[in-house]
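Tertiary structure, described
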Amino acid sequence: QVQLVESGGGLVQAGGSLRLSCAASGRTFSTYVMGWFRQAPGKEREFVAISRSAITTYYADSVKGRFIISRDSAKNTVYLQMNSLNPEDTAVYYCAANQYYRGRQTTDWTYWGQGTQVTVSS
């Protein structure tokens, strides 16, 4: 199995940028699909970005053109680069992993990190 630990959250001004990191452990890390989800207060957890393979990535419409998901296999780390942030991006961001791709619903994913808070001020 795999263990996930997020970091890099914090408070930023609208229009700013932030990079989240997800450190993963497990010898099968390189074969797993990875994703980022977020959950705002009183809202359901929602899909943000998925790295299915080196050439296949998915993004929610709300973050297309602003967010980038990437991996550093040597460091067993997945990143979410967030640019042009706005207050609607405020949420707890979660890293997720699965052995195979099943979908973009939260119930399609097996492993989750503890989450990291991102707050964007006006």
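Scroll up a little and you will see the structure.
Residues numbered from 1 in each chain as written. Predicted model: local features only at pLDDT ≥ 70, side-chain atom pairs only at ≥ 80, totals over all residues. Heavy atoms only, no water.

Topic: the sheet that holds strand S3 (residues 18-25)
Rule in force here: One requirement defines pairing of two strands: DSSP has to find at least two bridges between them. Secondary structure elements follow DSSP: runs of H or I of four or more residues count as helices, runs of E of two or more count as strands, with numbering from the N terminus. To define axes, lines are fitted to C-alpha atoms, for helices over the stretch in contact only, and angles between the resulting N-to-C directions are given on a 0 to 180 degree scale.
The 4 strands are arranged S1-S3-S8-S7 in an open sheet whose pairing can be described as antiparallel. At either end of the open sheet lies a strand with only one pairing partner, and these are strand S1 (3-7) and strand S7 (67-72). Sheet twist, expressed as the average angle between the axes of neighbouring strands with direction ignored, equals 20°. In this structure, S3 lies alongside strand S8 (residues 77-82), joined through 6 bridges in antiparallel fashion. Bridged to leucine 18 within S8 is methionine 82.

Side note on unusual backbone geometry
Selection rule: Any residue under 20% of the maximum accessible area for its type is buried, any over 50% is exposed, and the rest in between are partly exposed; the area is computed with a 1.4 Å probe on protein chains only.
At asparagine 76, a residue that is not glycine, the phi angle is positive and equals roughly 50°. Along the chain, the position of asparagine 76 falls in the loop between S7 and S8. For asparagine 76, a relative accessible area of 27% translates into the label partly exposed. A positive phi angle, near 50°, is found at serine 84, a position not held by glycine.

Details of the nonpolar core
The condition that has to hold: By convention a nonpolar core is built from buried Ala, Val, Leu, Ile, Met, Phe, Trp, Tyr and Cys residues, the set being connected through side-chain atoms within 4.5 Å. Only heavy atoms matter for contacts: two residues are in contact if any of them lie within 4.5 Å across the pair.
In this structure, Trp36, Leu80, Met82 and Tyr93 are the most contacted members of the largest nonpolar core, which totals 34 residues. Counting residues per element, the ones that place at least two in this core are S3, strand S4 (33-39), strand S5 (46-51), strand S6 (57-59), S7, S8, strand S9 (91-98) and strand S11 (116-121). Ranked by the residues each element gives to this core, the list is headed by S9, at 5 residues. In this structure methionine 82 touches Gly16, Ser17, Leu18, Leu20, Arg66, Phe67, Tyr93 and Val118, once residues within four positions along its chain are discounted.

Overview of the pattern of salt bridges
Under the convention used in this document: Throughout this description, the term salt bridge denotes a Lys or Arg side-chain nitrogen within 4 Å of a carboxyl oxygen of Asp or Glu.
The tally for this structure, following the rule as stated, stands at 4 salt bridges. Aspartate 89 is paired through a salt bridge with arginine 38; the nearest N and O atoms lie 3.0 Å apart. Taken together, the residues span a long stretch of sequence, with aspartate 89 in the loop between S8 and S9 and arginine 38 in strand S4 at a distance of 51 residues. Arginine 38 carries the same exposure label as aspartate 89, and that label is buried. Salt-bridge contacts for arginine 66 lead to aspartate 89; the nearest nitrogen and oxygen are separated by 2.8 Å.

A look at the side chain of asparagine 98
Our working rule: Throughout this description, a polar contact denotes any pair of N or O atoms lying within 3.5 Å of each other; where both atoms belong to protein, one of them has to be capable of donating a hydrogen while the other can accept it, and for residues adjacent in sequence the pair is counted only when both atoms sit in side chains.
Relative to the helices and strands, asparagine 98 resides in strand S9. Of note is the side chain of asparagine 98, whose polar atom sits 2.6 Å from the side chain of threonine 110. Apart from the residues within four sequence positions on either side, asparagine 98 is in contact with Tyr32, Val33, Asp108, Trp109 and Thr110.

As for the pairing of S1
Of the two faces of S1, only one is covered, namely that formed by Leu4 and Glu6; the face formed by Gln3, Val5 and Ser7 stays uncovered. In terms of strand pairing, S1 meets S3 through 5 bridges, oriented antiparallel. Considered in S3, the bridge of serine 7 is made with serine 21.

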